[in-house]
Every structure is written in C-alpha cells, then in structure tokens.
Amino acid sequence: QVQLVESGGGLVQAGDSLRLSCAASGFTFSAYAMGWFRQAPGKERQFVAYIGRSGYSISYADPVKGRFTISRDNAKKTVTLQMNSLKYEDTALYYCTAALRGTSRLIGEYNYWGQGTQVTVSS
C-alpha cells in the first residue's frame, strides 16, 4: 500500500518557523518528483513547491519564495518543507504528493497524496 504521511504542523505566531516532514512508503520513492500543496478553508488547493527525483529541479510558488525550502532524502524516503517567517496567509492544510511523470505545478500530474497536516498562523 502506498502511504504518504505528513507531520510537523501546528499552531504558531506570525514570524515563527515550522518544518513539515513527509514519510513515503509502498512505491519507488526515487522515481517520483515530490511536491507540497496547501488548501485553506473555502479555497482551491494550490501549489507550494516541488523537487525533482534527484533534487536538481526545484520550484516555489511566488507567495513562499525566499521563505520556504523544500528538500528530499531518497535514502530515508522523506521530503521536507522548511517554513520560515510564517504569515497568517500561510494558514492551510498542507499536503505531500508524488508525481511519476516528473516535476509539475499541476494537481492532475500527481499520483499519490497524503492526508495533510494543519498549519495555523496567528496574527
């Protein structure tokens, strides 16, 4: 069975940092590009960041550039999202996801999804 399990979310104040982690199992992790998406209440799920199979291709959505960092460890089968200088607008359920065809900002290109971890940033 394929599993993507996110962790590390929580309630923080604006300006604080959080590190989200995603543990993968049940598929060939190194063959997939990995991504993070987020969804706030009443809004569409939106792209946050992706990282290619070997970590050479990385991209971020404009609102998080300079503040968030995505990384992966193929030996441990994990992907992380370091979030610094958090803002109220970052409040959302954050999802880890995997894409066999490679890096993409499109939801439809991702094959597997985790259940999400909640990040809440207070003003």
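Note that the structure is a prediction, hence the values are computed from the model and not measured.

Q: Just checking my understanding: could you explain unusual backbone geometry for this structure?
A: Excluding glycine, a negative phi dihedral is what most residues carry, and trans is how most peptide bonds are arranged. A positive phi is found at Lys77, a non-glycine position, where the angle reads about 60°. Secondary-structure assignment places Lys77 in the loop between β7 (68-73) and β8 (78-83). For Lys77, a relative accessible area of 35% translates into the label partly exposed. If you check the backbone angles, Ser85 has positive phi at about 50° while not being a glycine. Tracing the backbone through its elements, the reader meets Ser85 in the loop between β8 and β9 (92-99).

Q: Can you help me understand the nonpolar core in this one?
A: Burial of nonpolar side chains together is a common tendency in soluble globular proteins. Ranked by internal contacts, the top residues of the largest apolar core, which has 29 residues, are Met34, Trp36, Leu81, Met83 and Tyr94. Residue assignment for this core shows that the elements contributing at least two residues are β3 (18-25), β4 (33-39), β5 (46-51), β7, β8, β9 and β11 (117-122). Formed by 6 residues, the second largest nonpolar core is a distinct cluster that contains Phe47, Ala61, Ala99 and Tyr110.

About the criteria used
- Residues numbered from 1 in each chain as written.
- Predicted model: local features only at pLDDT ≥ 70, side-chain atom pairs only at ≥ 80, totals over all residues.
- Heavy atoms only, no water.
- Helix = DSSP H or I, 4+ residues; strand = E, 2+ residues; numbered from the N terminus.
- Buried < 20%, exposed > 50% of the residue type's maximum accessible area, 1.4 Å probe, protein only.
- Core = buried A, V, L, I, M, F, W, Y, C linked by side-chain atoms within 4.5 Å.

Function cannot be read off these values alone, since they describe shape.
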